[in-house]
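Notes for the structure review
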Amino acid sequence: MTVREVDTTAVGLEEGLPTKAKHISVQLKRYITKSDCVPPRAYGLPKIHQQDVPLRIIVSFTNSPTFNLARTLSKWIGNNIVLPASRFKDSFVLVEGSSKFSLPPNYTLISLDVVSLFTNVPQDLAIDAINSRWSQLSNNVPVPLRELINALNICVKATIFKFNNTNYAQTYGLPMGSPLSPILSDLVMDDLEQCCIKKLDFALPFYLRYVDDIITVAPNDKIETLLEVFNSFHPRLQFTIEPEINGRMSFLDVLIIDNNQLIKTDWYHKSTWSQSYLNYRSLHRRSYKTGMIYCLVDRAIRLSSSEFHNKNLSLIYDALPKNDYPALVLQKHIQKRHLSILSSNDFNHNDLGDVPVVPKNFVSIPYLGGVSQCSNRHAEAYNRYMGEAFDPEVEESYLMYFDVNNLHGAPMSFALPCSSFEWVSDFSSKLNMEWPACKKQTKNVSGAESAETKC
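What counts, and where the lines are drawn
Residues numbered from 1 in each chain as written. Predicted model: local features only at pLDDT ≥ 70, side-chain atom pairs only at ≥ 80, totals over all residues. Heavy atoms only, no water. Pairing = 2+ DSSP bridges. Helix = DSSP H or I, 4+ residues; strand = E, 2+ residues; numbered from the N terminus. Axes fitted to C-alpha atoms, helices over the stretch in contact; angles between N-to-C directions. Buried < 20%, exposed > 50% of the residue type's maximum accessible area, 1.4 Å probe, protein only. Lys, Arg positive; Asp, Glu negative; His and termini not counted. Salt bridge = Lys/Arg side-chain N within 4 Å of Asp/Glu carboxyl O. Polar contact = N/O pair within 3.5 Å; in protein donor to acceptor, adjacent residues only side chain to side chain. Phe/Tyr/Trp six-rings, centres within 6.5 Å; stacked < 30°, edge-to-face > 60°. Lys NZ or Arg CZ within 6 Å of the ring centre and 35° of its normal. Parallel < 35°, antiparallel > 145°, perpendicular 65-115°, else oblique. Left-handed = near helix turned anticlockwise from the far one by under 90°. Contact = heavy atoms within 4.5 Å. Nonpolar A, V, L, I, M, F, W, Y, C, P; charged D, E, K, R; others polar. Expected span 1.5 Å × (residues − 1).

A few words on the sheet that holds strand β13 (residues 262-267). Strand order in the open sheet made by the three strands is β11-β12-β13, with antiparallel pairing throughout. Two strands bound the open sheet, and with one partner strand each, they are β11 (248-251) and β13. Here the strands of the sheet are splayed against their neighbours by 25° on average, with no regard to which way each runs. Across six bridges, the pairing between strand β12 (residues 254-259) and β13 is antiparallel. The residue bridging Ile 257 from the neighbouring strand is Lys 264, located in β13.

Rendered as structure tokens:
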């Protein structure tokens, strides 16, 4: 993949051949065209919950030649494709769908997972998925189908990445890290499930999918048949299957329980759960820490059946003090959020507890904890410059703005000590200690004075 190919594609999108009609704006063309590019970079994240701790390969496409083109195509496709009914966006939707379902007799909960989805999705199937959905895209995508397919081919073939200063090429599938790969993979999975479900000689009364993770139910004697049908769709798209164990199965962060054919749910944690969250003493806004408490309470209550609520709240009360959260703060916000959820008619409403925002004029202040922060949440100025509204009998107050001259340059113009250090055990008695003395000599260079520092 070269910058020249992306530039040529941008010109093709702007000038729709052969009519030479302008399909995209000059601004979008400049956004797609990149001149200061770097190859995608690969790194690994350890899977600490798996045996032998294998690495999960992550590829960063930021500032790569096709990054902006792939983002643009992803928006055009993702915003206009009709999503399949089987796809759900988060755990709350999963709980909502499963809570209304009763497991048929002699059916088993199972989960299916694609092995290495991105690196095994055939590029031709991804292009075919766009061709078959052109009727949904044609009215809202500004370029003709031919130019769209040309741009897609350039993006899916951009599989070069760098690791440890060595260049590699992904030999198959959609490029890891590309903004376009998730939406194309999702479309291929949609085609796969529609084709495979039609081939089954039994019904799937419950079927939901999150990217490449599928949860469904199947007759006890048809589980292997289900796996064979899904694995027959394409030799590169292979599934692993996991049935429920003792009436329980974990899926995402939800534990699904088969309770005499009635589905119950609980908040699930892996055995490697570290209970590490945003520390209360960290230099972040208080609203971030409060929001994290609310998020945990939402998951503890809305992802679980009522009989598990007290247990899950106890987990929060146990975990957050390890991150320096005061007991009074926890009690206040956990109870407040819990009552807000219980007072709602729908536990799974994602806008739960939201308050309408009243537009106000405000000043945005950079937040540097301990250096730049708000001591009070509300401040008002009251002084003689208010005109007739000012009462001279009331004490004046001002909102002041200060700017340090040459903040970064000034410290760099002074010498720093490089010797004569000592360990300080009682820091409070040394607050007024002076820097180690430095010998300074001044000499004339070309008629100007300069300081030579010797430490």
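Alright, that's what it looks like, and here's the rest.
Take the side chain of Glu 244 next. You can see Glu 244 is positioned in the loop between β10 (239-243) and β11. For Glu 244, which is buried and forms no salt bridge, the nearest opposite charge comes from Arg 248, at a distance of 9.5 Å. For Glu 244, the side chain forms a polar contact with the main-chain nitrogen of Leu 109, separated by 2.8 Å.

Right, let's talk about the packing of aromatic side chains for a bit. Within the structure shown, the criterion is met by eight aromatic pairs. When the ring of Tyr 382 is compared with that of Phe 390, the centres are 5.5 Å apart and the planes differ by 50°; the resulting orientation is tilted. An aromatic cluster is defined as three or more aromatic residues linked by ring pairs; in this entry it consists of Phe 88, Tyr 210 and Phe 251. Over the face of the ring belonging to Phe 92 we find Arg 302, whose NZ or CZ atom lies 4.0 Å from the ring centre.

In the contact formed by helix α10 (residues 286-302) and helix α12 (residues 327-342), the axes pass within 9 Å of each other and the chain directions differ by 50°. The angle between the axes of α10 and α12 places the two elements in the oblique class. α12 is crossed by α10, and the crossing has right-handed handedness. Where α10 abuts α12, its residues Thr 290, Ile 293, Tyr 294, Val 297, Asp 298, Ile 301 and Arg 302 lie against Val 329, Leu 330, His 333, Ile 334, Lys 336, Arg 337, His 338 and Ile 341. Grouping the constituent residues of the contact of α10 with α12 by class yields eight nonpolar, three polar and four charged.

On to the pattern of salt bridges, then. According to the stated counting rule, one finds 13 salt bridges in the structure shown. Asp 201 serves as the salt-bridge partner of Lys 222, at 3.5 Å between the closest nitrogen and oxygen. Linking Lys 222 in the loop between β9 (213-219) and α9 (223-231) with Asp 201 in the loop between α8 (181-199) and β8 (207-210), this pair joins segments that are 21 residues apart in sequence. Salt bridges sharing common partners tie together Arg 87, Asp 186, Glu 193 and Arg 209.

A few words now on helix α7 (residues 145-156). Counted at 1.5 Å a residue, the expected span for α7 with its twelve residues is 16 Å, and the 16 Å between its end C-alpha atoms agrees. Every buried residue of α7 is listed here: Glu 147, Leu 148, Ile 149, Ala 151, Leu 152, Ile 154, Cys 155 and Val 156.

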